[in-house]
Amino acid sequence: MVYCWLSYVSISFEKQLHTFGEVKTQQELFFSFLHTCFWLWSEAGYWKNGRNIHFSTFFIFRIHLIPGFVDSEQADWMFEQLLQDIPWGQRTHIRQEVSFEEPRLTSWYGELPYTYSRITMQPNPNWHPLLTMLKERIEELTGYTFNSLLCNLYRNEKDSVDWHSDDEPSLGKNPVIASLSFGATRTFEMRKKPSPEEDGDYTYVERLRIPLDHGTLLIMEGATQEDWQHRVPKEYHSRDERINLTFRIIYPEPDGALPW
Ligand SMILES: O=C(O)CCC(=O)C(=O)O
Ligand SMILES: [Mn+2]
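Description of the structure in this document.

Rules and cut-offs
Residues numbered from 1 in each chain as written. Chains lettered and ligands numbered in written order. Predicted model: local features only at pLDDT ≥ 70, side-chain atom pairs only at ≥ 80, totals over all residues. Heavy atoms only, no water. Donors = N, O, S within 2.8 Å, 3.2 Å for Na, K, Ca; no water. Buried < 20%, exposed > 50% of the residue type's maximum accessible area, 1.4 Å probe, protein only. Near = heavy atom within 4 Å. Polar contact = N/O pair within 3.5 Å; in protein donor to acceptor, adjacent residues only side chain to side chain. Areas by Shrake-Rupley, 256 points an atom, 1.4 Å probe, with all protein chains shown as cover. Helix = DSSP H or I, 4+ residues; strand = E, 2+ residues; numbered from the N terminus. Salt bridge = Lys/Arg side-chain N within 4 Å of Asp/Glu carboxyl O. Core = buried A, V, L, I, M, F, W, Y, C linked by side-chain atoms within 4.5 Å. Contact = heavy atoms within 4.5 Å. Pairing = 2+ DSSP bridges. Expected span 1.5 Å × (residues − 1). Phe/Tyr/Trp six-rings, centres within 6.5 Å; stacked < 30°, edge-to-face > 60°. Lys NZ or Arg CZ within 6 Å of the ring centre and 35° of its normal.

Some points on the coordination of the manganese ion (ligand 2)
And step 1. Here the manganese ion (ligand 2) is held by the protein donor atoms His164 (NE2), Asp166 (OD) and His230 (NE2), which lie 2.1 to 2.2 Å from it.
And step 2. The sequence motif formed by the donor residues of the manganese ion (ligand 2) is H-x1-D-x63-H.
And step 3. For His164, a relative accessible area of 22% puts it in the partly exposed group.

Next comes the structure, spelled out in structure tokens:
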């Protein structure tokens, strides 16, 4: 984790050194120095509070990692209950006229439908009492009120979710997503979207790899979805089942109008 952050900072620091390289006059040097101080202050957004880890780029990109949000004894029975009680379903995507099954099972809770990758999950207001309890515990911690939940079941190492951002219009601007994991540990990877000059090339972008284990809560907020993509890749070695609950705030979209 610290390594990811250090590499993130060192890549950004190199960018700052380029700024110094272009400086010509003393005045420019002074402003460049101020700019670098400001940058260092804003980038120094990694802090550890007990077991919890926070990354932040000055109100731009913010993620919080809370390992042990659910202690392992409770997480054990919750995992078994969710595995059994959630109505898991297999959804099919169509890309370039070819249909393929999502490499995981999913389920949706909320008063409103949710559309992503051209799949619409129908409203399902029948929250399981355990999901309501978890939602309330997360709301107490974060101060946000979530109205929907996308559940993912990764059956084994072959299940995955590909690179994406949770940036559908129905999630509003700067969506807050609280992601709670149970079962096998899987790696949550993040990559920064390239700048326009990089022309869609992800080769040199900043990256983070975060292991999400049993009972860990990850909160994404700010411009995380606008500036970064994430995925849970397939694994080469065998993995047991994993459940991931992503609590979201969905807004209605009357006549296709944006909710903000
Ligand atoms: O399983 C995870 O940790 C991530 C799931 C995810 O990105 C999503 O449902 O949008
Ligand atoms: Mn996602």
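A few points about the site of ligand 1
And step 1. Contacts to ligand 1 come from 13 residues, most closely from Asn152, Tyr154, His230, Arg242 and Arg248.
And step 2. The separation between an oxygen atom of ligand 1 and a polar side-chain atom of Asp166 is 3.2 Å.
And step 3. Contact between ligand 1 and Arg248: an oxygen atom at 3.0 Å from a side-chain N or O atom of the residue.
And step 4. Calculation on ligand 1 without its partners gives an accessible area of 300 Å², and the protein chains cover 95% of this total.
And step 5. The set of elements that each furnish at least two residues to the shell around ligand 1 consists of strand S9 (148–154), strand S15 (228–232) and strand S16 (242–248).
And step 6. The dominant element in the shell around ligand 1, judged by the number of residues it contributes, is S16, at four residues.

A closer look at the pattern of salt bridges
And step 1. Counted according to the given criterion, the structure contains 11 salt bridges.
And step 2. Residue Arg231 pairs with Glu189 through a salt bridge whose shortest N-O separation is 2.9 Å. Taken together, the residues Arg231 in strand S15 and Glu189 in strand S12 (residues 186–192) connect sequence positions 42 residues apart.
And step 3. Given the relative accessible area of 23%, Arg231 is considered partly exposed.
And step 4. Through salt bridges with shared partners, a single network forms among Arg186, Glu235 and Arg239.

Observations concerning the nonpolar core
And step 1. Core analysis: the largest hydrophobic core is formed by 30 residues, its most contacted members being Leu134, Leu180, Phe182, Leu245 and Phe247.
And step 2. Mapped by element, the contributors of at least two residues to this core are helix H3 (72–85), strand S6 (105–110), helix H4 (129–142), S9, strand S11 (177–183), strand S14 (217–222) and S16.
And step 3. In contact with Leu245, not counting residues within four places along its chain, are Leu82, Ile86, Leu131, Leu134, Leu149, Leu150, Cys151, Ala178, Ser179, Leu180 and Phe182.
And step 4. Counting 17 residues, the second-largest nonpolar core is a separate cluster that includes Phe61, Ile63, Leu208 and Leu218.

Quick notes on the pairing of strand S4 (residues 92–95)
Looking along a regular strand, one sees side chains alternate from face to face of the sheet.
And step 1. Taken together, the four bridges between S4 and strand S5 (residues 98–101) define a ladder with antiparallel strand orientation. In the sheet register, Ile94 faces S5, and the bridge partner there is Ser99.

A word on H4
Because each turn of an α-helix spans 3.6 residues, side chains separated by three or four positions in sequence point in the same direction.
And step 1. Here H4 contains 14 residues, and its C-alpha end-to-end distance of 20 Å stays within 8% of the 20 Å for a straight helix at 1.5 Å per residue.
And step 2. Buried residues along H4 sit against H3, S6, S9, S11, S14 and S16.
And step 3. Gly143 sits one or two positions beyond H4 and adopts a positive phi of about 85°.

Structural notes on the packing of aromatic side chains
The way to describe two aromatic rings as a pair is by their centre distance and the angle between their planes.
And step 1. Counted by the stated rule, this structure contains four aromatic pairs.
And step 2. Through successive ring pairs, a cluster of aromatic residues spans Tyr144, Phe146 and Phe247.
And step 3. Seen from the ring of Trp127, Lys135 lies directly overhead, with NZ or CZ sitting 5.7 Å from the centre.
And step 4. Positioned over the ring face of Phe69 is Arg137, at 5.2 Å from the centre of the ring.

Topic: the side chain of Ser170
And step 1. Position of Ser170 relative to the elements: it lies in the loop between strand S10 (161–164) and S11.
And step 2. If we skip the residues at most four places from it in the chain, Ser170 touches Tyr114, Ile249, Ile250, Tyr251 and Glu253.

Focus on the side chain of Ser179
And step 1. Of note, Ser179 is situated in strand S11.
And step 2. Engagement of the side chain of Ser179 in a polar contact is seen with the side chain of Asn244, the distance being 2.9 Å.
And step 3. Setting aside chain neighbours within four positions, we find Ser179 in contact with Thr216, Leu217, Leu218, Asn244, Leu245 and Thr246.

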